[in-house]
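# Close look at the chain arrangement
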Amino acid sequence: MSDHIVILGGGTGGTVLANNLAERLGSEIDSSDVRVTLINDDPEHVYKPVWLYVPFGTREPEDGRRPLADLVDDRVELKIDRVTAIDPDAQQLHSTGEVGPIQYDKLVVATGSTLAPDEIPGLAEAGHDYYSESGALELQDELLSFTEGHLVLSVIGSPHMCPAAPLEFVFMADDWLRERGLREDVEITYTYPIQRVHGNPHIAEWARPIMDDRDINVETFFNPEEIDDGTIHTMEGSELSYDLLVAIPPHRGLDLLTEAGLGDSGWVDVDKHTLEAEHAANVYALGDAAATGVPKAGSVAHYQAGVVSQRLASEVRGRPATARYDGKTLCFVETGMDSASYVEFDYEHPPSPAPPSEKLHWSKLAYNESYWLTARGLL
Ligand SMILES: Cc1cc2nc3c(=O)[nH]c(=O)nc-3n(C[C@H](O)[C@H](O)[C@H](O)COP(=O)(O)OP(=O)(O)OC[C@H]3O[C@@H](n4cnc5c(N)ncnc54)[C@H](O)[C@@H]3O)c2cc1C
């Protein structure tokens, strides 16, 4: 009998893991001792960081899409289907299509984040976002014709994908409007739910003076509870009017993960070093789906995939699994249309953002281009 490793989710983490396992367990797969199956509900792989550039008209959503089949090693069995339930006791998945029920010996959950704008009355109708392909395209239409008024970027709830992306958006908007001679006619306000402008105090301390220098207004302890007729009403009792609202909607994981008893709000409770699920045997989670406390970022999913791959390879070979995730996160942070900073940190070492430079901006763009090699496991 072969060991069946099933990866649920073919985004950044799931795809890197599938290719890493194909390489690491190549001989076991060839001899049919191990099978690796990757299940994704979309035949296309989506690279979300491209969406940051779509509202400014410098990238299009199709730049962030490639057929998943072109990215995944032939030794991996790729299934396009939507999983609807996990039964951790029976070690079984159920799906809407031809795949289920599917039996697993080891399951890796890599289902990412979903957006929940409906949690805030009025948000879906009034707000724009660049955290979805459709949102980024609609915002592009609005922003390209926005020449005066109040632009509000509101981060609604935490955690959310790429904690730096809201800062990036206001820094880019400021620069982009200045380049076009419109900045004096557009007021920019950034709102954040806690007492500082970013969840990480070191990044907040770095970003705040840049915002002040650029005349970007800041509202902290700002938690929208309703949006109505051009005004945001907050839980704290304040109100803020806007002409263009760019919101980072509340994020959730998948209900099916909570229904399977794996954790709350659709995130899987895991050991933050081993990435093993806390409430089920033979289940790992990585990337956005895993509740580790580190940012929900592609770089995190990538590093975690390496750790899970090593652990699974040890387990199927009957050896102790020793690989551990150390919290490594890296991120280029755009500080304008042609400058960026860079941060790298882990559980032990806090971030210290690099001075912004044009070179770092080009490094970020180069990373985005080389992503397709990274996903294939070639970098
Ligand atoms: C605007 C923006 C900018 C960003 N910029 C950066 C950046 O600069 N650097 C960085 O590191 N990160 C960035 N990120 C975050 C990064 O994109 C995510 O953290 C990363 O994609 C998480 O990878 P993942 O594998 O966990 O999930 P995902 O890449 O989201 O993949 C999840 C996959 O699971 C599939 N799936 C979900 N449910 C099911 C189901 N029931 N059945 C089958 N398949 C399912 C989905 O279709 C998807 O393919 C950014 C995100 C956004 C929105």
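What counts as what
- Residues numbered from 1 in each chain as written.
- Predicted model: local features only at pLDDT ≥ 70, side-chain atom pairs only at ≥ 80, totals over all residues.
- Heavy atoms only, no water.
- Near = heavy atom within 4 Å.
- Polar contact = N/O pair within 3.5 Å; in protein donor to acceptor, adjacent residues only side chain to side chain.
- Areas by Shrake-Rupley, 256 points an atom, 1.4 Å probe, with all protein chains shown as cover.
- Helix = DSSP H or I, 4+ residues; strand = E, 2+ residues; numbered from the N terminus.
- Nonpolar A, V, L, I, M, F, W, Y, C, P; charged D, E, K, R; others polar.
- Domains from an automatic or database assignment.
- Salt bridge = Lys/Arg side-chain N within 4 Å of Asp/Glu carboxyl O.
- Buried < 20%, exposed > 50% of the residue type's maximum accessible area, 1.4 Å probe, protein only.
- Pairing = 2+ DSSP bridges.
- Axes fitted to C-alpha atoms, helices over the stretch in contact; angles between N-to-C directions.
- Contact = heavy atoms within 4.5 Å.
- Buried area = accessible area lost by both parts, 1.4 Å probe.

### Here we look at the site of the ligand
- With respect to spatial proximity, 31 residues lie near the ligand, and among them Gly13, Asn40, Asp41, Lys48 and Asp288 are the closest.
- Residue aspartate 41 places a side-chain N or O atom 2.5 Å away from an oxygen atom belonging to the ligand.
- Within the backbone of valine 83, a nitrogen or oxygen atom sits 3.0 Å from a nitrogen atom of the ligand.
- When the ligand sits alone it has 1000 Å² of accessible area, and the protein chains cover 92% of it.
- Listed by contribution, the elements that provide at least two residues to the shell around the ligand are α1 (12-24) and α9 (298-316).
- At three residues, the largest contribution of residues to the shell around the ligand is made by α9.
- Within the shell around the ligand, the residues separate by chemical class into 13 nonpolar, 11 polar and seven charged.
- Among the domains, domain 1 (3-113 + 253-316) and domain 2 (117-250) are the pair contributing at least three residues each to the shell around the ligand.

### Brief notes about the environment of aspartate 215
- Along the polypeptide, aspartate 215 turns up in the loop between α7 (201-213) and β13 (216-219).
- Sequence spacing of aspartate 215 and arginine 183 is 32 residues, and the spatial spacing of their C-alpha atoms is 9.8 Å.

### With respect to the pattern of salt bridges
- Evaluated as defined, the whole model comprises 18 salt bridges.
- Of the charged contacts, one joins arginine 75 and glutamate 23 as a salt bridge, the two residues approaching to 3.4 Å between their closest N and O atoms. A residue pair is termed long-range when its members are at least 10 positions apart, and arginine 75 in the loop between α3 (68-71) and β5 (77-80) and glutamate 23 in helix α1 qualify at 52 residues.
- By relative accessible area, arginine 75 is classed as partly exposed at 29%.
- Here glutamate 23 falls in the exposed class, since its relative accessible area comes to 59%.
- Note that arginine 82 and aspartate 41 form a salt bridge whose closest N and O atoms lie 2.4 Å from each other. Highlighted residues: arginine 82 in the loop between β5 and β6 (83-87) and aspartate 41 in the loop between β2 (34-40) and β3 (44-46), separated in sequence by 41 residues.
- Arginine 82 sits in the partly exposed class, given a relative accessible area of 41%.

### Remarks on the sheet that holds strand β15 (residues 231-234)
- The sheet built from three strands is open, its strands ordered β14-β15-β16 with antiparallel pairing. The open sheet has two edge strands, β14 (224-228) and β16 (239-241), and neither has a second partner. The average undirected angle you get between the axes of adjacent strands in this sheet is 20°.
- Pairing of β15 with β16 involves three bridges; the strand directions are antiparallel.

### Some thoughts on the domain arrangement of the protein
- For the protein, the assigned domains are domain 1 (3-113 + 253-316) and domain 2 (117-250).
- Here the C-alpha centroids of domain 1 and domain 2 sit 31 Å apart.
- At the interface, 17 residues of domain 1 touch 21 residues of domain 2.
- Taken together, the two surfaces of domain 1 and domain 2 that pack against each other cover about 1600 Å², and 73% of this comes from carbon and sulfur.
- On the domain 1 side of the contact with domain 2, Trp51, Pro55 and Phe56 bury the most area, a combined 43% of that side's loss.
- For the pair domain 1 and domain 2, the number of links is one salt bridge.
- Note that glutamate 133 and arginine 65 form a salt bridge whose closest N and O atoms lie 2.7 Å from each other.
- The interface formed by domain 1 and domain 2 contains four residue pairs in polar contact (both at pLDDT 80 or more).
- Of the residues contributing to the side of domain 1 that touches domain 2, the split by class is nine nonpolar, two polar and six charged.

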